[in-house]
Amino acid sequence: MTELTMAKALNEGLRRAMRDDDKVLVMGEDIGKLGGVFRITDGLQAEFGAQRIVDTPLAESGIMGTAVGLAYRGYRPVVEIQFDGFVYPAFDQIVSNVAKLHYRSQGAVKMPITIRIPWAGGVGAAEHHSESPEAYFVHTSGLRVVAVSNPQDAYVVLRQAIACDDPVVFFEPKRLYHGKGEVDLDVDLADAAPMGLARIARAGSDVTLLTYGAQVSTAMDAATVAEDEGIDIEVIDLRSLSPVDYKTVTASVRKTGRVVVTHEAAREAGLGAELIASVTERCFYHLETPPVRVTGWDIPYPPAKLEKNHVPDLDRILDGVDRVLDRPNSLTGVEL
Amino acid sequence: MTMVHTLTPTADLKTDVDDVARLLTADGERIHDSDLDGWVADLDAAQLRALYRDMVLLRRIDSEGMALQRQGQLGLWAPSNGQEATQIGTARVLRTDDFAFPSYRETGVVYARGAKPEGFLRAWRGEAHSSYDPHELGTAVQQIIIGAQALHAVGYAMGIQRDGADQVVATWFGDGATSQGDVNEAMVFAASYQAPVVFVCTNNQYAISEPVGVQAKAPIAGRAPGFGIPSMRVDGNDILAVTAAMRWATEHARTGKGPAFIEAVTYRMGPHTTSDDPTRYRDKDELERWRERDPLTRVEAYLRSIGEFDDAFAAQVQQDADELGAAVRPTCLAMTSAPALSILDNVYAEPHTGLDEEKTWFAAYLDGFAEEAQR
């Protein structure tokens with residue numbers, strides 16, 4: 001085990017994937033000499049050369065569309081989108097071609113493309129640099145969507161995504177890039193939890209708290225505080241947003257009878273809506289109270305100095321926990 | 001490096017259709033073009049007759065497709081009538097190990113790449129989203145999203161570079177597609193990496209109803225040099241000129257000189273697809289003017305003038321077309337739909353628990369009907 005930041009774990013994951021398979025190549029803006037704006041590809045061009053760590057023109061649709069052609073040719077492109085808010089110009093290629101070509105060709109053409117996206121807020125960034133577009137991709141059949149929350153998962157799930165024959169949208173929470181954690185670099189991927197499996201980040205018996213990405217750490221903090229009040233929260237790190245591991249989720253809900261979902265993406269038609277609908281369909285008679293969403297507001301991402309009002313913090317999560325526990329709600333007292 | 005025939009901006013592209021490189025006049029008279037002549041110096045009458053035969057067969061496929069759609073046997077058809085020289089002339093230059101990225105209209109490319117009737121019918125009948133295995137034909141799934149395939153072609157060409165192979169990629173798109181970001185981005189990427197790709201812009205004068213003047217105020221071939229890509233503007237109804245241009249372009253790409261661009265100036269004689277009515281946006285005179293430039297009669301006239309087109313050959317080609325036409329219809333009518341449950345197949349290459357669950361549910365639902373039918 002080695003203590004690494006998530007950024008370094010991702011860097012190491014790319015390095016090993018490229019060493020293992022010479023069909024793997026990485027494409028993106030500023031990923032060569034600069035090593036990427038977040039340094040995730042630091043040092044890789046020196047090791048693998050410009051043919052495999054490919055600095056591209058500044059055109060996201062171009063990056064994604066050429067990755068499709070490389071996949072046709074048998075390559076396994078890893079695409080770096082520089083920031084979450086810049087993925088939209090590539091959206092057409094992703095939903096119309098990357099997601100659908102295996103289906104359109106009746107399985108003849110594989111699209112093993114990994115789309116890495118530095119994701120979400122909390123780092124004081126400029127406009128368009130803190131978006132949470134995950135629901136668009138989860139809604140697109142043919143894509144797999146994952147979101148990592150710690151260095152070990154970042155390392156393992158990235159390598160699983162690259163090895164997967166399906167296209168994978170891989171969300172990397174920017175505000176966790178420099179958080180450290182123990183990473184087993186020599187982990188046998190065959191023994192690791194499969195990419196689609198959720199992780200019980202903290203076992204508990206009173207409330208199931210579903211979340212993913214950077215919100216996992218906020219949820220864990222909330223669980224620690226709640227423990228002082230005698231509330232035992234089970235935190236589930238979904239890891240995979242498509243598919244969702246409903247086996248793990250429903251087992252937890254059947255145990256606790258109460259569900260809170262938290263994410264920083266906006267509420268309207270967000271992942272929370274989908275998770276609660278699915279949980280309700282599966283576990284209606286196990287639910288003690290209506291499930292609750294604690295999400296970002298239905299607004300464009302706010303300016304950096306105000307973002308703390310948008311991203312659900314520990315108190316807003318605990319407010320949601322109070323509501324599913326039918327406790328007098330000290331903060332809002334209102335049902336949305 | 002630039003072979004562009006003209007860069008002179010013109011106010012009205014519709015008056016500019018004669019400002020192209022060609023080797024055969026509309027009457028089939030062989031004329032000379034110093035840029036093109038050398039590229040077809042070895043092309044003998046037998047090869048030209050083979051190209052003529054391909055064009056006749058393509059026109060027959062097209063008329064069968066139109067008829068089958070009108071009879072309700074195909075959901076839609078995008079006719080290639082009038083564009084035979086552009087499609088056959090470009091596709092026949094490719095080697096079998098090269099790769100093609102056509103749009104939905106390039107039936108002739110798919111035919112030239114070796115597709116049998118089912119290979120150009122199944123998708124139009126609505127039985128599947130593609131009609132052939134892309135790897136078998138060296139031809140990507142035909143693209144409907146306008147211009148998206150230009151980027152795929154460049155990506156594939158980048159793969160060829162990494163493999164150290166001497167293959168090339170060709171991609172076809174229309175005049176309308178040149179307004180898309182993807183086509184422009186494709187040219188940026190291709191030039192930047194010097195990828196072995198040939199862009200074939202089939203300028204058939206219309207994007208559904210919009211004349212080319214809505215997309216461009218100067219000849220489209222004039223854009224490529226701005227990206228650092230040499231281009232040619234050729235008569236797309238002249239099989240000799242198209243073949244020459246494509247030979248130049250593929251040779252350029254194959255020998256490591258990077259991408260090349262061809263604007264084939266032609267005309268779509270029919271509707272955009274069987275769903276639109278071209279009489280709403282085109283006048284009869286224009287159609288008649290283009291009928292006089294027919295790519296088939298032109299090469300026939302030329303072959304006749306040099307004594308290489310006789311009644312026996314004409315009869316043989318007619319018989320081949322009849323045989324192909326006779327095969328198209330039963331192939332279409334004999335198609336059977338895949339089972340209901342199969343619509344959930346191939347969404348993912350590996351198991352996906354969410355979709356697998358839906359499949360289980362749908363299978364049980366379908367089984368319910370089967371049990372009911374037995375009662």
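Residues numbered from 1 in each chain as written. Chains lettered and ligands numbered in written order. Predicted model: local features only at pLDDT ≥ 70, side-chain atom pairs only at ≥ 80, totals over all residues. Heavy atoms only, no water.

**Quick word on the overall build of chain B**
What counts is decided by this rule: Secondary structure elements are defined from DSSP: runs of H or I of at least 4 residues count as helices, runs of E of at least 2 residues count as strands, and each element is numbered from the N terminus. Throughout, radius of gyration means the C-alpha value; the globule benchmark is 2.2 Å times the number of residues raised to the power 0.38. Residue burial is assigned from relative accessible area. The probe radius is 1.4 Å, only protein chains are included, and a residue is buried under 20% of its type maximum, exposed over 50%, and partly exposed in between. Should any heavy atoms of two residues lie within 4.5 Å, those residues are considered in contact. In these tables, accessible area is a Shrake-Rupley quantity obtained with a 1.4 Å probe, and a residue counts as shielded only by the protein chains included in the view. Here Asp and Glu are counted as negative and Lys and Arg as positive; His is not counted, and neither are the chain ends. Each charge is placed at NZ for Lys, CZ for Arg, CG for Asp and CD for Glu.
Broken down by element type, chain B carries 12 helices and seven strands. On C-alpha atoms alone, chain B measures out to a radius of gyration of 22 Å, which is about the 21 Å that the 2.2 N^0.38 rule sets for 375 residues. Structurally, chain B occupies a C-alpha span of about 75 × 50 × 40 Å along its principal axes. When each of the 375 residues of chain B is scored for burial, the buried share is 56%. Pairs at least 24 apart in sequence give 73% of the contacts found in chain B among residues at least 6 apart. In the form shown here, chain B has an accessible surface area of approximately 15,100 Å², with 51% of it arising from carbon and sulfur atoms. With 34 positive and 55 negative side-chain charges, chain B shows a spacing of 3 Å between the two charge centroids.

**As for the packing of aromatic side chains**
For clarity, the cut-off: For Phe, Tyr and Trp, rings pair up if their centres lie within 6.5 Å, where Trp contributes its six-membered ring, and each pair is then called stacked (planes under 30 degrees apart), edge-to-face (over 60) or tilted (otherwise). The rule is short: NZ of Lys or CZ of Arg within 6 Å of the ring centre and within 35 degrees of the ring normal puts a charge over the ring.
As enumerated under the stated definition, the model contains 28 aromatic pairs over all chains in all. Seen from their ring centres, A:Phe284 and A:Tyr285 are 5.1 Å apart, and the 85 degrees between their planes marks the pair as edge-to-face. Ring geometry for B:Tyr52 and B:Phe313: centres 5.9 Å apart, planes at 45 degrees, overall tilted. Placement of B:Tyr52 in helix 1 (residues 45-70) and of B:Phe313 in helix 11 (residues 311-333) is noted, with a sequence separation of 261 residues between them. With relative accessibility at 8%, the residue B:Tyr52 sits in the buried group. Taking relative accessible area as the criterion, B:Phe313 reaches 16% and is therefore assigned buried. Members of the aromatic cluster, joined through ring pairs, are A:Tyr88, A:Phe91, A:Trp119, A:Tyr136, A:Phe137, A:Phe171 and A:Tyr212. When the ring centre of B:Phe313 is taken as reference, the NZ or CZ atom of B:Arg49 above it lies at 5.6 Å.

**A short note on the packing of helix 3 (residues 60-72) of chain A against helix 4 (residues 91-98) of chain A**
The relative placement of two packed helices comes down to the angle between their axes together with the axis-to-axis distance. Residues and elements named next belong to chain A. Rules: Under this scheme, a helix contributes an axis fitted over its contacting stretch, all axes are lines through C-alpha atoms, and angles between N-to-C directions fall in the 0 to 180 degree range. For this classification, under 35 degrees means roughly parallel, over 145 means roughly antiparallel, 65 to 115 means roughly perpendicular, and everything else is oblique. Residues are sorted three ways: Asp, Glu, Lys and Arg are charged, Ala, Val, Leu, Ile, Met, Phe, Trp, Tyr, Cys and Pro are nonpolar, and all the rest, Gly among them, are polar.
In contact at an axis separation of 8 Å, helix 3 and helix 4 are set at 25 degrees when each is read in the N-to-C sense. Considering their axes alone, helix 3 and helix 4 lie roughly parallel with respect to each other. Contacts from Ser61, Met64, Gly65 and Val68 in helix 3 reach Gln93, Ile94, Asn97 and Val98 in helix 4. For the contact of helix 3 with helix 4, a count of residues per class yields four nonpolar, four polar and no charged.

**Description of the UniProt feature "domain: Transketolase-like pyrimidine-binding" (unreviewed entry) in chain A**
To be explicit about the condition: UniProt positions are given in the numbering used here, feature names are shortened, and annotations may be inferred rather than shown by experiment.
Cross-referencing UniProt, the feature "domain: Transketolase-like pyrimidine-binding" (unreviewed entry) maps to residues 4-179 of chain A in the present numbering. With 36% helix and 18% strand, the stretch residues 4-179 of chain A has end C-alpha atoms that lie 8 Å from each other.

**Examining the UniProt feature "domain: Dehydrogenase E1 component" (unreviewed entry) in chain B**
Under the local residue numbering, the UniProt record ascribes the feature "domain: Dehydrogenase E1 component" (unreviewed entry) to residues 53-319 of chain B. Structurally, residues 53-319 of chain B is divided into 42% helix and 12% strand, and its ends, taken at the C-alpha atoms, are 11 Å apart.

**A short note on the domain arrangement of chain B**
Going by this rule: Just so you know, the domain bounds were taken from an automatic or database domain assignment.
Each assigned domain of chain B is listed here: domain 1 (13-333) and domain 2 (340-374). Taking the mean C-alpha position of each, domain 1 of chain B and domain 2 of chain B sit 41 Å from one another.

**Examining the interface of chain B and chain A**
By a widespread convention, an interface's size corresponds to the accessible area lost as its parts come together. Rules: For any pair of parts, buried area is found by adding up, for both, the accessible area (1.4 Å probe) each one loses once the two are put together. Between Lys or Arg on one side and Asp or Glu on the other, a salt bridge is scored when a side-chain nitrogen of the former is within 4 Å of a carboxyl oxygen of the latter. For the purposes of these results, a polar contact is taken to be a pair of N or O atoms within 3.5 Å, where, inside protein, one atom must be able to donate a hydrogen and its partner to accept one; residues adjacent in sequence count only when each atom of the pair is a side-chain atom.
In this complex, chain B contributes 45 residues to the contact, which on the side of chain A involves 49 residues. Carbon and sulfur atoms supply 53% of the area buried between chain B and chain A, which totals about 3,700 Å² over both sides. Seen at the junction of chain B and chain A, the total is three salt bridges. A salt bridge links A:Arg282 to B:Glu357; its shortest N-O distance comes to 2.8 Å. Taken together, the connections running from chain B to chain A amount to 30 residue pairs in polar contact (both at pLDDT 80 or more).

**Structural notes on the domain arrangement of chain A**
All names here are of chain A. Annotation of chain A at the domain level lists domain 1 (2-191) and domain 2 (199-324). Just the C-alpha atoms count here: the centres of domain 1 and domain 2 sit 26 Å apart. Contact with domain 1, which involves 24 residues of that partner, is made by 23 residues of domain 2. For the pair domain 1 and domain 2, the two sides together bury roughly 1,700 Å², of which 54% comes from carbon and sulfur. Summed over the three residues of domain 1 that lose the most area to domain 2, namely Val138, Ala147 and Arg175, the buried surface amounts to 25% of that side. There are three salt bridges connecting domain 1 and domain 2. For the pair domain 1 and domain 2, the interface holds 14 residue pairs in polar contact (both at pLDDT 80 or more).

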